[in-house]
Amino acid sequence: MTTSELLTAANVELMQGLAQRITATRPELVNSDASFGGLAWNWGRAHTAQGSAWRRRLWFSSGELVAWGWAQLPRSVRVSDGSVKEVTGAYLAYQVHPDHAGLVDEVIDWYDATAPGLERTVLPGAEDGFALERWAAHGYAPDPSGQGDTGSWTQLNQRDLADLESAVLPAGYGFRTADEAGPDAAVQAHLDAWGPRAYSVEAYRDLRETRGYRGDLHVLVQAPDGTMASSAIMWFDQANRTVEFEPVGTHPGHRRLGLGRAMLLRGMLLAREAGAVHATAACLGAPGHPKARGLYYAVGFRKLCQDVPLLKGAR
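Here is what the cut-offs are and how they apply
- Residues numbered from 1 in each chain as written.
- Predicted model: local features only at pLDDT ≥ 70, side-chain atom pairs only at ≥ 80, totals over all residues.
- Heavy atoms only, no water.
- Buried < 20%, exposed > 50% of the residue type's maximum accessible area, 1.4 Å probe, protein only.
- Helix = DSSP H or I, 4+ residues; strand = E, 2+ residues; numbered from the N terminus.
- Pairing = 2+ DSSP bridges.
- Right-handed = clockwise from strand over helix to strand, strands pointing away.
- Salt bridge = Lys/Arg side-chain N within 4 Å of Asp/Glu carboxyl O.
- Phe/Tyr/Trp six-rings, centres within 6.5 Å; stacked < 30°, edge-to-face > 60°.
- Lys NZ or Arg CZ within 6 Å of the ring centre and 35° of its normal.

What is the right way to read the pairing of strand S6 (residues 90–96) from this model?
For S6, the buried fraction is high: 7 of the 7 residues fall into the buried class. Residues Ala 90, Leu 92, Tyr 94 and Val 96 point to one face of S6 and Tyr 91, Ala 93 and Gln 95 to the other, with burial holding for every one of them. Looking at chain direction, strand S3 (residues 64–72) and S6 are connected through 6 bridges and run antiparallel. Paired with Gln 72 across the two strands is Tyr 91, which belongs to S6. In this view, the connection linking S6 to its parallel neighbour strand S7 (residues 120–122) by way of helix H4 (residues 104–114) has right-handed handedness.

As structure tokens, this is what we get:
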């Protein structure tokens, strides 16, 4: 059975459920935008403003979701500084359960039919050899801008939470949670770290309603002047007892002080207290982007898998 229409919050919860089932046995096959936390973050922060340009299709077997595609079509995106970004191509997030791998051809056909004539991009996992063969057979090739030493491909990192260091901040800095700091501070911390984005207090309120969000696992570092200098959200997948960091960032004026390291350690300690035994975090993996990777490696994370940016040109 298949369905095709606009993406809804109920759809996202089903998609998160599929991510949980695959994570339990084959975590290396969970695509970069198809993880439990990644789905919640991408949906929650943007669906009110951009959801009219999103299309989805769901595949079921015996009443259970076994594959999905989420096509993000051309749109105008208003960002926090008031400017507008025009997105002219299409992007697909997708997931196929390994027991139903043959459905990837249907996913590709649906994507091509949903975004005909557009430049189309997708990020299958490097460990999914069958899917990579099928994408190639449908005319998708490695995206030149995503390859090489400065490419845009991401890697997923993981570690267990059995042995954690204490989290130590510089004098005058302190830990807060989003529940304590409030919506305005939580949103501003993200914008300060990442620059102008399509993110707002209204979007954050939507985000708080997504499955897996907990304000007590949304960690902030407050500077002596009251600025929220660092922030990280942890998404708690209780079925697998794992937390996923997404996103993580530090204000440019407060970098190189060890805030990111301390915040990650503090977050993992809080996650362990909440019942988690495992953590993941994604980052750019190319050699030319060492900062985030080095930060995660410094607190015990190691690479699990990576994605492969693919492109099919516009006609």
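Quick question: what am I supposed to make of the pattern of salt bridges here?
Where charged atoms from two side chains of opposite charge come close, those side chains can pair. All told, the structure shown has 10 salt bridges when counted by the stated rule. Across the pair Lys 312 and Asp 112 runs a salt bridge, and its minimum N-O distance is 3.2 Å. Taken together, the residues Lys 312 in strand S16 (residues 310–312) and Asp 112 in helix H4 connect sequence positions 200 residues apart. A residue is classified by how much of its surface remains accessible, and Lys 312, at 19% relative accessible area, is buried. One salt bridge connects Glu 180 with Arg 176, and the closest N-O pair in it is separated by 3.8 Å.

Is there a simple way to explain the packing of aromatic side chains in this structure?
Note on aromatic pairs: each is described by the distance of the centres and the angle between the planes. Within this structure, the stated rule accounts for 11 aromatic pairs. Ring geometry for Tyr 213 and Trp 235: centres 5.7 Å apart, planes at 65°, overall edge-to-face. Linking Tyr 213 in the loop between helix H8 (201–207) and strand S11 (218–222) with Trp 235 in strand S12 (residues 228–237), this pair joins segments that are 22 residues apart in sequence. In terms of burial, Tyr 213 and Trp 235 fall into one category: buried. Its guanidinium or amino end placed over the ring of Tyr 297, Arg 302 lies 5.1 Å from that ring's centre, counting from NZ or CZ.

So far we have only geometry, and geometry alone does not tell us how the molecule works.
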